[in-house]
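Summary of the model geometry
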Amino acid sequence: VIQVREGISKLLGQSNKAASGDRAGVEVIETPYIKEMQEGSDGRSKSTTNVTTLQLKLPTGRRLLLKLKYEDTIAAVRKYVAKSLDPGAKFELRTNYPRRSYENDNETLEAAKLVPNAALNV
């Protein structure tokens, strides 16, 4: 195996972290569930049952990673996206396949079929 990533990253002027394939360009958003997982009462991380992982692609190309409970709503997703955009920016949440727009803020992630994981475009 020939290691070429480091050489290419230096050539392109990227940091070693971005070249290592370590979720380069993905920002993990601190949600209450992530805090809960990290603060397990016995020092161990909690179970990830009924937790969905959402990857969101913003119009800028930036990517966000959210971990939310199945019973959380589309409104919760919108809240985290809004924090990452310009104040007052209007946006729509969409999936490519199946092609769908998520407009009902009261719909749970489970009802929206965004479990156990999904990719959304903003």
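Check the entry above for the structure.
Here goes a summary of the coordinates provided.

Conventions and cut-offs
- Residues numbered from 1 in each chain as written.
- Predicted model: local features only at pLDDT ≥ 70, side-chain atom pairs only at ≥ 80, totals over all residues.
- Heavy atoms only, no water.
- Pairing = 2+ DSSP bridges.
- Helix = DSSP H or I, 4+ residues; strand = E, 2+ residues; numbered from the N terminus.
- Phe/Tyr/Trp six-rings, centres within 6.5 Å; stacked < 30°, edge-to-face > 60°.
- Lys NZ or Arg CZ within 6 Å of the ring centre and 35° of its normal.

1. Some points on the pairing of strand S2 (residues 51-57)
In terms of strand pairing, S2 meets strand S3 (residues 63-69) through seven bridges, oriented antiparallel. If you follow Thr 53 over to S3, its bridge partner there is Lys 67. Turn length for the S2-S3 hairpin, with the two strands adjacent in sequence and antiparallel, is five residues, and the turn residue Gly 61 shows positive phi of about 95°. Of the pairings in the sheet, the one linking S2 to strand S6 (residues 117-121) comprises five bridges and is parallel in character. Bridge assignment links Gln 55 to a residue of S6, and that residue is Ala 119.

2. Here's the deal with the packing of aromatic side chains
In the structure shown here, the tally under the stated rule is zero aromatic pairs. For the cation-ring pair, Lys 79 lies above Tyr 80, with the distance from its terminal atom to the ring centre recorded as 4.8 Å.

3. Some details on the pairing of S3
Here strand S1 (residues 26-28) pairs with S3 via three bridges, running parallel. Each residue of the ladder has a partner; that of Val 28, found in S3, is Leu 65.

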